Each structure stands twice: as structure tokens, then as C-alpha cells.
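If you want the building blocks of each chain, they are given just below.
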Amino acid sequence: DNDDNDDVRGSVLKKLEGDDRNDGHQSLQTRLEAEPQDSIFIPSYFSRSFLPANVRDIRSMTEQEQRLAVTIPHFIIVGVQKCGTSALYFSLCEHPNITCSAYVKEPFFLSVPSSTKYLQSYSSAAMAKMRQTYHLYYANTCFNLTMLNSQSITMEASTAYFESDTALSIISSHLFNGNTMKFIVIVREPTTRAYSHYQHDMRMHGPKPGQPLDIKNKFHGTKYRSFPSAVAEELAILKMCRGMDELRGRHSMEEKESFEYESYYTCVTTNAEAFKDRHGRALPGYLFKGLYYGTLQRWIKQFPNRVHVLLYDNFRDDPVSELNKIQHFLRLPHFDYNTVLEKLVLEYQQGSRYDYVGGPEIREICQEFAVHNELLAHSLQIDIPWNRKLKENSYVIPLS
């Protein structure tokens, strides 16, 4: 069993560290060997109160499970919500060297806000054991360790992580394999994403035919009877933070890149929090979640060369090509996804089908994202077709 477990660790390190071994960080192998691997000792100062309520006990974990647990997951789909993450997750599960051992696709374990504050409150001397204990709780709660073997890697796909400062901090500072883990982000035309998010909420929480309206349910009110009405408050905040066409008026890419995006996003966040304080309810984030550029830069800066970005459009139209790119990114043995293409298309690529909506209100929303889309395309050095529709007299969603 010990030999099998060493094979797991060696396989993982060989596949995912690669050139990262020389990035100035202590290797995962060295850190694992430095940590005690005997029976689990949980520090007396470690409190489970800051962990998710469904946390699984770690005291019965075997030595082999401990050693394996701190090497997973090997990669995470961190977002974005309503951009095809479920389709991408289950498509990747078809790869024979990817074992989808997560109990649920989106455990959201790493985005509990209290976790960061708690972990950061301890000295560096206590931190090593705190980190090991935290990682064991995470792995044992979210993954079926018995499913893994030396030839496979595993993942999870919590879309809340993309916008979570907590997740970014915990992954980079408190997980044992934080300096080798890789990340995948799938993004979608922002207004289409927002409309899909709105439709999802109405399908889950909106009024049902033949049932009385619930005055306590915000989705039963007049505010959510139309998409433009549902996003009006967020659109107003985006316009205010942009301010007097300051951003849109910059013509060259150099001028656009010099825009103070940290101040812009702080403005958006501050006003969203102020709205929540005034009205006692949070905005749903239909439009805010489409501001990919600034958030993505934080992930790329924190994890250089370990973030792979793909477009929902490309994945929908040619899933095999996009999955092949991900295979290469993860340094996996090649798998011919054409052999399961029919399953990908029929089962995972159908998605929800909505009526087409358009008109000046939709165009106005799309226009607000135009410069953000330009900057995203420029920073990633890829072609993003989202702004092309703006050159036409009308704009409809979903995109054809």
C-alpha cells in the first residue's frame, strides 16, 4: 500500500509540477517528506467551527489516505457560473486518466469567508500543522479517496471560487499543493451569461403556474418580471463607476489598459454593498459576474502559467478541439474525445434553450461590456467575437 501511495504522489508531481519545480518555491515532494505522516494529530487550537457544516471527520484516515489527500485536487474549474462549467466538468470526466472522485461537482469548501481570517490568525510556526489539518478536512470531505489510483488525477468545479478572495487566498497559501495546482476558467458573452443566470433564478424561484404569489419571495415581485428590469440597478452602478464615458472614450489599447481597474472594481463592489445595506437585500450579480477581465488578472498574477481560459462559444461549437487543448495543458496522455463526441453533444452540450430577446435595452447592456471584452481579448491574445454584434443595428441573446 505504501508503494502504491508513493506512486500516486510521484505520478501527480511528475504530471503537474513540470517546469514549476524551478519556480523558486519549495517542492511539494520536499514539503510532504518534511511533514509528519504518522497518526493524525489535530492541534488543540484548530477549531472546526470555521469549516463548512458538512465537514467529515479526519481522525479515522489511514496514513496512505493522509499522504494522498494533500496532493489533491490536481486542478479546479473555478468558473464562471452559467458559462458551461457542468458540461465542461462532465466532458473532462470522460478522460480515462481523470477520475471524478468529488462527492459533488461544486463543494464550495474553499470559499467559506471565515476560513481565511481563522487561518491567517496563526503564527508561521503553527501554520504548517494548521495547513495540513485544513487540507485533510477539505480532501476527506469533498473527495472519495478510494476512487483514485496512480494513473489518474482529480478535480472539482466550484464556480464561486472565481470571484472569491477567500478561495484565492486559501489555495495559494493554505493548501499543500497550492504551488502546483492548475485552474480552468470558461467564460461566456456577458449579457448572454446574465440572461442565463436570470432564467435559472426564475426557473428555480419564480412564480409557478397555478400557484399564488409569495410576497416574501423577491422573484415573485414586479422587479423580476423582465430581464431588463432585473438588471437595471446593476447597470446603473456600472455606468456610474465608469463615469462620464471616461473608459469608453479611450481609443488606443494602451489608454484602455492604463485605466485604474482596481478603483473601478472597488467602486462596483462598494456600491453593491451600499445597495445591500440600504435595501436589506443583495443584488444578484447578473451583470457584475460578467466583468471577467479584472478578476481573471488576479488569478493569472497569483498562478502564472497555471490558468487555462476557454470561451463557451468555442466549447459549444467544437468541444473536441477545446478538450484537446485542456489535455495538453494538464499534460495528460492523449484521449480521442471523438469516440465520445455524440455523448458530449447530446448529453452535455444541449443546455437550456431560451427565447430570443433583443432591442435597445439589450444593446445598451452589451455596450457596457464592450471595452471589458476588448481588454480580455488583448490580455489573453485570443479572438473574442462578442463585440461584433454591436456593429449591427440590433442585438439579440442568446447569441446565434
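Residues numbered from 1 in each chain as written. Predicted model: local features only at pLDDT ≥ 70, side-chain atom pairs only at ≥ 80, totals over all residues. Heavy atoms only, no water.

1. Comments concerning the environment of I72
Now for step 1: Position of I72 relative to the elements: it lies in the loop between helix 3 (63–69) and strand 1 (75–79).
Now for step 2: Residue class for I72 comes out buried when judged on its relative accessible area of 0%.
Now for step 3: Distance in space between the C-alpha atoms of I72 and N177 is 7.3 Å, their sequence separation being 105 residues.
Now for step 4: Excluding residues within four positions of it along the chain, I72 makes contact with H135, Y138, A139, F143, L145, L148, T154 and N177. (Helix = DSSP H or I, 4+ residues; strand = E, 2+ residues; numbered from the N terminus. Buried < 20%, exposed > 50% of the residue type's maximum accessible area, 1.4 Å probe, protein only. Contact = heavy atoms within 4.5 Å.)

2. Some points on the sheet that holds strand 3 (residues 182–187)
Now for step 1: Spatially, 2-1-3-4 is the arrangement adopted by the 4 strands of the open sheet, whose pairing is parallel. Two strands lie at the open edges of the sheet, namely strand 2 (155–156) and strand 4 (307–311), each paired on one side alone.
Now for step 2: Here strand 3 runs beside strand 4; their pairing, made up of 5 bridges, is parallel. Across the sheet, residue I186 finds its bridge partner in strand 4, namely L310.
Now for step 3: Where helix 4 (residues 85–92) meets the sheet, it contacts strand 1, strand 2, strand 3 and strand 4, and its direction lies at approximately 165° from that of strand 1.
Now for step 4: Contacting strand 1, strand 3 and strand 4, helix 14 (residues 319–330) runs over the sheet at an angle of about 180° to strand 4. (Pairing = 2+ DSSP bridges. Axes fitted to C-alpha atoms, helices over the stretch in contact; angles between N-to-C directions.)

3. Overview of the packing of aromatic side chains
Now for step 1: For the coordinates displayed, the defined rule picks out 16 aromatic pairs.
Now for step 2: Ring geometry for Y198 and F227: centres 5.7 Å apart, planes at 55°, overall tilted. Of this pair, Y198 sits in helix 8 (residues 190–205) while F227 sits in helix 9 (residues 227–242), and the two are 29 residues apart along the sequence. Each member of the pair, Y198 together with F227, is buried.
Now for step 3: Of the aromatic side chains, those joined through ring pairs into one cluster are F50, F109, Y134, Y138 and F143.
Now for step 4: A cation sits over an aromatic face here: K182 above F329, 5.0 Å from the ring centre.
Now for step 5: Sitting above the plane of the Y312 ring, R188 keeps its charged end 4.2 Å from the centroid. (Phe/Tyr/Trp six-rings, centres within 6.5 Å; stacked < 30°, edge-to-face > 60°. Lys NZ or Arg CZ within 6 Å of the ring centre and 35° of its normal.)

4. Some words on the pairing of strand 3
Now for step 1: Of all 6 residues that make up strand 3, 6 are buried, and the element is covered over most of its length.
Now for step 2: With burial as the criterion, each face of strand 3 is covered, one bearing K182, I184 and I186 and the other bearing F183, V185 and V187.
Now for step 3: As judged from the 4 bridges shared by strand 1 and strand 3, these two strands associate in the parallel manner. When the sheet's bridge partners are listed, I76 is paired in strand 3 with F183.

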